[in-house]
Amino acid sequence: MSQAPALLLEESPWNRGRVGMACLIFGESTFFCVFVVAYLFYIGKSATGPQPGDVLEFPWLATACLLSSSLSAGLAVSALARSQAVRASLMLAITVGLGSAFIAATAVEWSGLIYGHGLTLGTNLFGTTFYSLVGFHAAHVILGLLMLSLVLALTLAGRVSAEHTERVEMVTWYWHFVDAVWIVVLTTVYVVGV
Amino acid sequence: MREGVTSHPGNEGHGRGRAVIALLLGSWIGPASVHAQGPVPSILDPVAQPAQAVLDYGLLLVLVCAVIFVLVMGALVVTVIRFRARAGDGEREPPQVYGSDQLELAWTVAPVLVVIVLGLITAGRIVALQKSEAPAGSLAIRVTGHQWWWELEYPEYGFTTANELHLPVGRVAFLELESQDVIHSFWLPQLSGKTDLIPNRRNTMWIEPHQVGMVVGQCAEYCGTQHANMLLRVFIHEEAEFERWARDQQKEARTLPGTEAGRAIFANTACVNCHTVRGVSEIGRFGPDLTHLMSRTTLAAGAASNDRANLIDWIGNPDHFKPGARMPAMKLDSAQVAQVADYLASLE
Amino acid sequence: MSASLRTDGAREISSPERSGSVLHAWVTTVDHKKLGILYIAAGLLFFVIGGIEAIMMRAQLAQAANTLLEPQEFNRLFTMHGTTMVFLVGMPIVTGFGNYLIPLMIGARDMAFPRLNAWGFWMFLFGGLVLYMSYFASMGLYGAGTAPDVGWFAYSPLAGKAFSRGNATDYWILGILISGFGSISGAINMLTTTLTMRCPGMTMNRLPLFVWMMLVVSFLMLLALPVLTGAQVMLLFDRFLGAHFFDTQAGGDAVLWQHFFWFFGHPEVYILMIPGFAYASEIIPVFSRKVIFGYSFMVAATLAIGLVAVGVWAHHMFTVGMGQGLNIWFAVITMLVGVPTGIKLFNWIATMYGGRIQLRMPMVFCIAFLGQFLIAGLTGILLSGAPLNWQLSDSYFVVAHFHYVLIGGLVFTVFAACYYWFPKMTGRMLSEKIGRWHFWLFFIGFHLTFTTMHVQGVLGMPRRIYTYPAERGWEVWNAISSTGAILQGLGVACFFVAVIVAFRRPAQAGPDPWNAWTLEWSTSSPPPAYNFLSLPEVRSRRPLWDLKHPDDPDWEHE
């Protein structure tokens, strides 16, 4: 009998970490889809104000922070792969900083909406769909920040080296996903919705 | 007007079958119910369009499915019988057949063709039967679903009734369906398929009865505690009879001598917060319009027949017929209940 | 029989242990086999509970105007029955067999994420317990009701705060939400395991059909369950935070919930049904002694069903007043589901054709499944015709239809799977003699109950009514239905008797009692913790066939 060709699956780029993370991202995407659909469905259906056009401003700063943080996260991974621990830490720190800036910007926006315009989850359909969609995204950003901060702390402690590149890369996959969701949320809420 | 629809083919044989099965299942079936027989809301016994058209379409589908059933079930049974293992088979495995592209193609294409044909027929039927605009000359009726009764308004005639719909034969009735609270579904199997009543939404359906008589139906979407007792009756009249009924309904309520006491209790308690009796109080909207209560055959959306004794029971304790009903017990003493019942029983 | 099987892979050392440490081992296990058995056992436990609920409902409906149950009690029963059977019986049993068998069938040592696997099981179980906690704990501030009574579909606005006071509905939301997290993690695990953990030689083209079908199921779970989770979160926001997603008094839309629910709910039907196909696709060839007919077409048909499954949801909504265009779309696409499903049915029959059909218990259940699923499919075609659906939807005809799918299809194949893989899981055979009793009682009971329900539906009996007037002409049929329910209960009792009897007998099933062909039969019964000491060479879809028939191996034909 001839030898069957052995499949070296562990060396395929689609190992279980990547496939697992891809699956998680897929599931999360369908979760976000529901909230996006609800938002789109209820555009213009609020019986009372405030309406999105009256109170929303395009979040340039927050968007710039979040999108550029994907870049620094990617640079952190490639630095780690080349065993440049200091550079990796720096890039991770920048990523965490930019992500935190995004959350801060969201906090400022929300406090303006709540105290300035009196818009809460229960005010009208806009409030209901806006806070739940943007809020769930922000919650994912915070989760990503916690994971990135953990990686940063471990890197600073010298516990992360080149052999852990892939695990760190999975965290950045999640971060890129959160970033991609923001583009969808941004389009839905601040472009289509106003 | 209480006779069932005149044609009920097979009801007698059905009854005999019931008796036999009842004998077999004696432990389950109470003796009284064996004899009870009213109009059966069977979709096989349509007395109106579109129910008739739906039945014809349905029977076509059933025919196609029956042919498929006979073919496939036949193949399955023959295969199991013919190829079951027998004692003398020995250890050798049967010949291994890995597949056949021709066969796969055949049993892919054939069903696709069937689906195309059925799909075209279905599309045609949907276009023909689903109407969102009222046809010219149709009778407008506005149906509002409540937990757990039907508000039926005849806007052209300017009156509102409940739970019992009256329709003229041979004329299209165009129904607008809305809901005050949760989702309900309006279903009269002998007249038409069901359409949901949904808050914030206007649905429509049409009925063209072609036979005089009475048919029954009920709410078909689960709507809470008393979903089961949200029954409907439809009386189909000749045109002249219908007009006479409608003119009677348009009149304001009269007060017969001897019922003033009951009327006073009705008018001075919380009854009027929910119930309208035109000529007495017209603010109540949460409960059925009682102006011509006694022109209806049932109480509490079909939970009981409408007579003085049941009225007394119902007013005194609504939970008796309909546990969980929205109507509260009014805490009247029995004399007051009797007086109110006397008054209501006079609203013909 | 040419080659003898290697049965090495020493049995787990079973020293006499204290019951405490046995319990500890089961609670802390991350072994896919133990978790699989836990899933199935918990599912069967909930199956008994859901069955008792069904029998109570049938007792109430056996007579017209019966007063055995209060309306609220009845409404709670059908809510709990539906929720239990879908989320706490169907899902865990399906996941359980997937958990147990996928690694064994692809020659892996465990699932991709063993700890996540354990987490998923406990999430499911505690989700189920949260749901049932409602019976004891949900009196809430208003004291309004105990268990949820809004139906397993929880249509808004009935499930909103205005019409569902107290906390019963919140228990429904949270219980299903929590067990949903478990199912999502299970789906991620099964997908990842199948895609990345296959043994050498086990290409996708050689995967057992079971694994292929569970792959599609996992994908559908991942697609559909987060939609339900999202919708339930919205409902929770409505009920607790004053949001208005489905609040019709503030402009919210009642139909949006239905779209979300059925976008989950219809794929859910396939999540429950495709595993039934998976069991049948393994069992029918073995007991026909023939290779599966048209392997690639079976895979393609499964993928097609998975694809179409996400585009048919609104056929549950033909009566909400969608436009003509949508009604036509959903009617025709739904009819299309019949094509790949038909392909499967034909391939199973073609597999049996020309074989030597051994009427052992797994096969008997599978044959009944084929006939019943044919009926379910055909009544499905009837229901997909929108105009006829306007009559039949929400009537007992629909109840008959989906019980033909879920009992006639799923439960029968689950029993087949139990008889088939029980020897692998325990090393013990289930009694064929008790099995016959189980089969015939359950089979006759099933048909008494559900064949008659078609008639009730045609006679205009709506679903979810706790009572009906005597003069409607439904009573005889309901009495027959109720009688059947008792027979089904007795049948299921026989199954548990068979399980108990099996454990009182010595474990002598051996590694391969059915003379089967997939990898799980190459290791001992039950398999050791590490599954395989060594694997046979995988060069075809039936590695053990190749081993037993070196003169005519499969890989020469594929």
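Summary of the structure given here. All values reported here derive from a predicted model rather than from experimental measurement. (Residues numbered from 1 in each chain as written. Chains lettered and ligands numbered in written order. Predicted model: local features only at pLDDT ≥ 70, side-chain atom pairs only at ≥ 80, totals over all residues.)

**Comments concerning the interface of chain B and chain C**
- Each partner contributes to the interface: chain B provides 86 residues, whereas chain C provides 86 residues.
- Listed by contribution, the elements that provide at least two residues to the side of chain B that touches chain C are α1 (11-24), α3 (51-82), α4 (101-129), β7 (184-188), β8 (192-197) and β10 (213-219) of chain B.
- For the side of chain B that touches chain C, the element with the highest residue contribution is α4(B), accounting for 15 residues.
- Tallied by class, residues from the side of chain B that touches chain C come to 49 nonpolar, 25 polar and 12 charged. (Contact = placed C-beta atoms within 7 Å. Helix = DSSP H or I, 4+ residues; strand = E, 2+ residues; numbered from the N terminus. Nonpolar A, V, L, I, M, F, W, Y, C, P; charged D, E, K, R; others polar.)

**Points about the pairing of β7(B)**
All names here are of chain B.
- Counting buried positions along β7 yields 5 of 5 residues, so the element is predominantly enclosed.
- Burial along β7 is two-sided: H184, F186 and L188 and S185 and W187, pointing in opposite directions, are all buried.
- As judged from the 4 bridges shared by β7 and β8, these two strands associate in the antiparallel manner. Residue pairing for β8: S185 is matched across the bridge by D196.
- The antiparallel hairpin formed by β7 and β8 contains 3 residues in its connecting segment.
- In this sheet, β10 lies alongside β7 in antiparallel orientation, the contact comprising 2 bridges. Paired with F186 across the strands is C219, a residue of β10. (Buried ≥ 20, exposed ≤ 12 C-beta atoms within 10 Å, placed from the backbone. Pairing = 2+ DSSP bridges.)

**A closer look at the nonpolar core**
- If you look at the biggest cluster of nonpolar residues, it comprises 336 residues, and the most contacted ones within it are F365(C) and A416(C).
- Both of domain 1 (1-26 + 38-77 + 103-235) and domain 2 (260-345) of chain B provide at least three residues apiece to this core.
- If we ignore the near neighbours within four places in the chain, the residues touching F365(C) are F412(C), T413(C), F415(C), A416(C), Y419(C) and F439(C). (Core = buried A, V, L, I, M, F, W, Y, C linked by C-beta atoms within 7 Å. Domains from an automatic or database assignment.)

**Brief notes about the arrangement of the chains**
- Contacts are most numerous between chains B and C, considering all 2 pairs of chains that are in contact.
- Chain A shows no contact with chain B. Their nearest C-alpha atoms sit 12 Å apart.

**Here we look at the sheet that holds strand β11 (residues 231-237) of chain B**
All names here are of chain B.
- Sheet architecture is open: 5 strands sit in the order β5-β11-β10-β7-β8, paired in mixed fashion. Of all strands in the sheet, those bounded by a partner on one side alone are β5 (164-168) and β8. For this sheet the average axis-to-axis angle between neighbouring strands, irrespective of direction, equals 20°.
- The strands touched by helix α5 (residues 239-250) are β5 and β11; relative to β5, the strand with the most contacts, the crossing angle is about 135°. (Axes fitted to C-alpha atoms, helices over the stretch in contact; angles between N-to-C directions.)

**Regarding the packing of helix α7 (residues 254-288) of chain C against helix α12 (residues 396-426) of chain C**
Residues and elements named next belong to chain C.
- The N-to-C vectors of α7 and α12 enclose an angle of 45°; their axes lie 9 Å apart at closest approach. Here α7 lies oblique to α12, going by the angle between them. Crossing geometry of α7 relative to α12 is assigned as left-handed. Counting all contacts with α7, which are made through V269, L272, M273, G276, Y279, A280 and I283, the residues of α12 involved are V405, L406, G409, L410, T413, A416, A417 and Y420. (Parallel < 35°, antiparallel > 145°, perpendicular 65-115°, else oblique. Left-handed = near helix turned anticlockwise from the far one by under 90°.)

**Looking at helix α3 (residues 60-81) of chain A**
Residue and element names in this part refer to chain A.
- The end-to-end C-alpha distance of α3 is 32 Å, a good match for the 32 Å that 22 residues give at a rise of 1.5 Å each.
- When we look at burial in α3, the residues that qualify are A62, L66, S69, S70, S72, A73, A76, V77, A79 and L80.
- Those residues of α3 that are buried lie in contact with α4 (85-116) and α6 (165-192).
- Once α3 ends, the next one or two residues include S83, with phi positive near 60°. (Expected span 1.5 Å × (residues − 1).)

**A closer look at unusual backbone geometry**
- Across the junction of Q147(B) and W148(B), the peptide omega takes the value 0°, indicating a cis bond.
- Locating W148(B) in the fold gives a position in the loop between β2 (139-146) and β3 (149-154).
- Note the cis peptide between S525(C) and P526(C), where omega equals -10°.
- Assignment of secondary structure puts P526(C) in the loop between α14 (475-504) and α15 (543-548).
- Its identity as a non-glycine residue notwithstanding, N163(B) has a phi of 65°, on the positive side.
- Considering the arrangement of structural elements, one finds N163(B) in the loop between β4 (159-162) and β5.
- For R464(C), which is not a glycine, the phi torsion comes out positive at approximately 60°.
- Mapped onto the fold, R464(C) is located in the loop between α13 (432-458) and α14.
- For R464(C), a count of 20 C-beta atoms within 10 Å puts it in the buried group.

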